[in-house]
Amino acid sequence: MIDTTHLSVAYPGRAPVVRDLTLHVDAGERLLLLGPSGSGKSTLLRLLAGVVPQLVDADVTGQALVAGHDATTTEPAALARHVGTLTQNPADQLCLPTVEEEVAFPLENRAWPPERISPAVERALARVGAAHLRHRRTAELSGGEGQRVALAATLVADPGLLLLDEPTALLDPAAARTVGRLLAPAGGAQVLVEHRLDEHLDLPGRTGVLDEDGRLVADGPTREVLHDQAGLLSALGVRLPGAPPTLRRTPRPAATGSVLRVRGLGVRRGGRDVLTGVDLDVRPGRVTAVVGLNGSGKSTLLLALAGLLPHEGTVDGGSVGLVFQQPEQQFLARTASDEVAWGPRRAKVPDAERVAREALASVHLTPLADADPFRLSGGQQRRLSVAAAAVCGHDVLLADEPTFGQDGRTGAALAALLRSLADEGHGVVVVTHDLTLVADLVDDLVVLGHGRVLAQGPAADLLSPAHDGPLHAAGLVAPGARAGQPS
Amino acid sequence: MSAHSPAAPRFGRALEHDSVLHRRNPTVKLLVLLAVSSVLLVPVDIATPSLVGLALVPAAVAAGRLPMRTLVTTCAAFAPFACSLLAVNAVTREGEVVAQVAGLEVTRTGLVVGASLAVRTLVVGALAVVFTTTTDGPRLMTSLHQHARLPARVTYAILAGYRVLEGLPDAWTTIRRAQAVRDPTRRRGAPLPRDPASLGRAAFALLVGALRQGERLATTLQLRGLGSGPRTVHRPVRLGPADAVLVLVTLGVCALVVAATSRAGWLLTWSTLG
């Protein structure tokens, strides 16, 4: 199904992202691709779909055959007869106003007779458990529903090859498990790029590892690669599946006082209560995580804490900074260094430039100081936006999914940055789906469900097996799974 | 079914009830609307557009079962433009001076032409409101592809663009908040900044986001096989005898009115204007 020979890909003016790749994937074979961010995993998938170099310019040498067609010269629309692609964001994959039109669209493009389209749409939706969504509007779907509809549109024409680029990355744990569970039985040859391996019950039998230079450094049965190459994977910053998050060994002493005191917080939006009766103390020197499924009110809570939403109840305390979920929506300047210096300059901090330089270095962005923030990769943008908020010296820093799109190494750099803010006496609140981050970084945990606080307290208590209740109740941990292990 | 009031029009979507006009072919409705507005380009007297309006607007509103409140509120959007047409024409046309207002000469010809253009604006505006509230955007695109031979690449690009537009209001609010909170001197609960520089930066981020999403949607359209050869249409839009009736009745009414005003000597055109 896939045959590449000495394949190298370089974007104009940059070092190659894929180097000398020779890879063979049989019909029906499933392959998991691991590697740090920037190792060319997504580029490889885009090349196999015909997007690179035909829609996105790149220099390609070597050969890439997909279902017998040269992927570098066959139009993506023609390759689509054999290839289905699923990426992480439903907003980029749902092009039409209604679910039915969306799923029928690939069949119309293959000139299926209209009378056969309707039953095929029904089957495809049923396969992903989305039959009830058939007449919904795509704009009104939740992230998990949207991703299932996108999967249905990918599967509807039974492609021989499925390219899956972090299909669960944007989903909450419950939705990620649902989508993860659907992929293995989807059929066809598959290439899966994924960081959240724990959400996939049935991992592909074969695993390939790309290093940071885009070379294939390991390839073999998944069990052997994960076992034999554990040292290599860890050196590359790849998180291993099945490794349960373990708690930090040194719990911080409980701090007294609070930098932000929240009492009876309630928010109504669009005629319904999104948050009700939230009491919360953000303590100096401690990192608080807010966890909960999508729609539980996490992001609304951050907006209210930052004073950006009208609310009931009181929020008293010091100044508050907020890192939004999508970095691009927060950028104000034309270079990365100006972006980080923005806040300090505005606050008339002496030596804002030096502060900015140091902050860029702490998130591994020094070489990109002059780059346009909008042109950075998603993971780089995330680090830039956290750094830009961290330098402002707010009493409390709030961050929505601060480690999204990071590999092990850059994720750790961000966690270290947040930890150092807390150690300097600031309060830090993160909203996250990343329970590993919670276990590594977080002192206090707030579990939200349906706009109410289901549980709060020291993370060590709430993550211990004896107290898994709230995480299970919130749907954050699969029934039977353990959220963490005592250290 | 929906939390929205049934009479609240939403961009690109027909009102949720059914009506005779809802069931007509979208391309035919669009062509009829264009034909009526083209016919109304000719007369500059008050009687012709008024009579066309009196005949067609109530009929269209009834056939589309359009709530009067929706018609009035949406047509109110055209009123300022209509008034400005009247005002500008009243004081800029040559002719018999009937009044002096603030040092400007108001002429009889100016009043007639201005009133005619104002009525035309309101009539075409009302018909356009009936069209948009009884026509589903995506069905219009399918129909334009089927019946007007518009290439699928164009119609689906428009539909993908519609998806981007649908998301813009929420994106704008998020960006304004996201950027406001970057200001370390901002006080809790302070209103979002409204200076031109702030709005400009927010507009830039909105534009970049919309363009990127548009690009990604365009890629998805191709990855789903758009443009790979001949295609079929899952739910074709019907074109039937009732659509022919709509054309005949509407254009017939226009022809009758023009014939009547011409016979009565009321019809004025740009060329017969003194």
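Residues numbered from 1 in each chain as written. Chains lettered and ligands numbered in written order. Predicted model: local features only at pLDDT ≥ 70, side-chain atom pairs only at ≥ 80, totals over all residues.

### Considering the overall build of chain B
Just so we agree on the cut-off: A run of DSSP states H or I qualifies as a helix once it reaches four residues; a run of E qualifies as a strand once it reaches two. Both are numbered from the N-terminal end. C-alpha atoms define the radius of gyration, and 2.2 Å times the number of residues to the power 0.38 defines the globule rule. Around each residue's C-beta, the other C-beta atoms within 10 Å are counted; 20 or more make the residue buried, 12 or fewer make it exposed, and counts in between make it partly exposed. All C-beta atoms are placed from the backbone. The contact criterion used here is simple: two residues whose C-beta atoms, placed from the backbone, lie within 7 Å are in contact.
Along the backbone of chain B there are 9 helices and 2 strands. Element order for chain B, N to C, with α for helix and β for strand: α-α-α-α-β-β-α-α-α-α-α. Taken over C-alpha atoms, the radius of gyration comes to 24 Å for chain B, far larger than the 19 Å a tight globule of 274 residues would show. Counting only C-alpha atoms, chain B reaches 65 × 55 × 35 Å along its principal axes. Evaluated residue by residue, chain B yields a buried proportion of 35% over its 274 residues. In chain B, 76% of the contacts between residues at least 6 apart in sequence involve partners at least 24 apart.

### Let's talk about the overall build of chain A
From N to C terminus, chain A includes 18 helices and 19 strands. Radius of gyration (C-alpha) of chain A: 23 Å, near the 23 Å computed for a compact globule of 487 residues. Its C-alpha atoms give chain A principal-axis dimensions of about 65 × 50 × 40 Å. Per-residue burial over chain A gives 54% buried out of 487 residues. Excluding contacts between residues fewer than 6 apart, the proportion of contacts in chain A whose partners are at least 24 apart in sequence is 67%.

### What about the domain arrangement of chain A?
Residue and element names in this part refer to chain A. The criterion, for reference: What counts as a domain boundary in this text is fixed by an automatic or database domain assignment. Following the grouping adopted for this structure description, the nonpolar residues are Ala, Val, Leu, Ile, Met, Phe, Trp, Tyr, Cys and Pro, the charged ones are Asp, Glu, Lys and Arg, and the polar ones are all others, Gly among them.
You can read the domains of chain A as domain 1 (2-235) and domain 2 (260-473). Listed as interface residues are 8 residues of domain 1 and, on the opposing side, 9 residues of domain 2. Residue contributions to the side of domain 1 that touches domain 2 peak at 3 residues, all from helix H8 (residues 173-183). Per-class residue counts for the side of domain 1 that touches domain 2 are 4 nonpolar, 3 polar and 1 charged.

### Some remarks on the interface of chain A and chain B
How big an interface is tends to be stated in terms of accessible area lost as the parts join. Across the contact, 49 residues belong to chain A and 42 residues belong to chain B. Contributing elements (two or more residues each) for the side of chain A that touches chain B: helix H3 (76-79), helix H4 (90-93), helix H5 (99-109), helix H6 (114-127), strand S15 (320-323) and helix H12 (336-346) of chain A. A per-element tally of the side of chain A that touches chain B places H5(A) first, with 6 residues. When grouped by side-chain class, the residues that make up the side of chain A that touches chain B number 33 nonpolar, 9 polar and 7 charged.

### Some remarks on the sheet that holds strand S4 (residues 59-66) of chain A
Residues and elements named next belong to chain A. Selection criterion: Whether two strands pair depends on DSSP finding at least two bridges between them.
Spatial ordering of the open sheet is given by S2-S1-S4-S5, a layout of 4 strands whose pairing is antiparallel. Across the chains shown, the open sheet's two edge strands, defined by having one partner strand only, are strand S2 (18-25) and strand S5 (69-70). Pairing analysis gives 5 bridges linking strand S1 (residues 2-10) to S2, with the strands arranged antiparallel. Residue pairing across strands places valine 9 opposite valine 18, the latter belonging to S2.

### Observations concerning the UniProt feature "transmembrane region" (unreviewed entry) in chain B
Condition: UniProt positions are given in the numbering used here, feature names are shortened, and annotations may be inferred rather than shown by experiment.
Mapped onto this numbering, the UniProt entry gives "transmembrane region" (unreviewed entry) at residues 30-59, 71-91, 111-131 and 244-268 of chain B. Between the C-alpha atoms that bound residues 71-91 of chain B the distance is 30 Å, and the span itself is 86% helix and 0% strand.

### Description of the confidence of the model for chain B
All names here are of chain B. Our working definition: pLDDT is defined as a per-residue confidence score from the predictor, taking values between 0 and 100.
Model confidence for chain B is summarised by a mean pLDDT of 90, while 96% of its residues fall at 70 or above. Here residues 1-6 is modelled with pLDDT under 50, and outside its nearest four sequence neighbours on either side it reaches 6 contacts, counting other chains as well. Two numbers describe this predicted complex: its pTM, 0.83, and its ipTM, 0.86.

### With respect to helix H7 (residues 143-155) of chain A
Residues and elements named next belong to chain A. The following threshold applies: Helix span, as expected, comes to 1.5 Å for every residue beyond the first.
With 13 residues, H7 ought to run about 18 Å at 1.5 Å a step, and its terminal C-alpha atoms sit 18 Å apart, in line with that. Buried within H7 we find Gly144, Glu145, Gly146, Gln147, Arg148, Val149, Ala150, Leu151, Ala152, Ala153, Thr154 and Leu155. Looking at the buried side of H7, the elements it contacts are strand S6 (83-86), H4, H5, H6, strand S7 (161-165) and H8.

### What to know about the pairing of S1(A)
Summarising the sheet, S1(A) and S4(A) pair through 7 bridges and their orientation is antiparallel. Note on S4(A): the bridge partner recorded for Ile2(A) is Val66(A).

### Observations concerning the domain arrangement of chain B
According to the domain assignment, chain B consists of domain 1 (26-142 + 248-264) and domain 2 (152-223). A separation of 36 Å is found between the C-alpha centroids of domain 1 of chain B and domain 2 of chain B.

### Let's talk about the packing of helix H1 (residues 26-39) of chain B against helix H9 (residues 241-264) of chain B
All names here are of chain B. The line we're drawing: Here an axis means a line fitted to C-alpha atoms, over the contact stretch when the element is a helix, while the angle between two N-to-C directions is reported on a 0 to 180 degree scale. Oblique is the label for any angle not covered by the other classes, which are roughly parallel (under 35 degrees), roughly antiparallel (over 145) and roughly perpendicular (65 to 115).
As a packed pair, H1 and H9 sit with axes 10 Å apart at the nearest point and diverge in direction by 10°. Between H1 and H9, the angle is such that the two are roughly parallel. Note on element contacts: H9 touches H1 through Asp243, Leu246, Val247, Thr250, Leu251 and Cys254, opposite Val28, Val32, Ala35, Val36 and Val39. Looking at the contact of H1 with H9, its residues break down into 9 nonpolar, 1 polar and 1 charged.

### Points about the confidence of the model for chain A
On average, chain A scores 87 in pLDDT, and the residues at 70 or more come to 93%. Segment residues 482-487 of chain A: pLDDT under 50, and 22 contacts once partners within four positions in sequence are set aside and those in other chains are kept.

### Quick notes on unusual backbone geometry
Negative phi is the rule for most residues except glycine; trans is the rule for most peptide bonds. All names here are of chain A. Residues valine 52 and proline 53 are joined by a peptide bond in cis, for which omega reads 5°. Mapped onto the elements of the fold, proline 53 is located in helix H2 (residues 51-54). Phi at aspartate 20 takes a positive value of approximately 50°, unusual for a residue other than glycine. By the element assignment, aspartate 20 lies in strand S2.

### Notes on the pairing of strand S8 (residues 189-193) of chain A
All names here are of chain A. Buried residues dominate S8, accounting for 5 of its 5 residues. The alternating pattern of S8 places Ala189, Val191 and Val193 and Gln190 and Leu192 on opposite faces, both of which are buried. In this sheet, S8 lies alongside strand S3 (residues 30-34) in parallel orientation, the contact comprising 4 bridges. Across the sheet, residue arginine 30 finds its bridge partner in S8, namely glutamine 190. Examined bridge by bridge, S7 and S8 share 5 bridges and lie parallel to one another.

### A short note on the sheet that holds S8(A)
The strands making up a sheet associate through hydrogen bonds between their backbones, and the pairing can be parallel or antiparallel. All names here are of chain A. If you walk across this open sheet you meet the 6 strands as S6-S7-S8-S3-S9-S10, and the pairing is mixed. Two strands close off the open sheet at either side, each with one partner strand: S6 and strand S10 (216-221). Geometrically, the sheet is characterised by an average inter-axis angle of 15° between neighbouring strands, direction not taken into account. Of the strands in this sheet, S6 and S7 touch H7, which is tilted by about 170° from S6.

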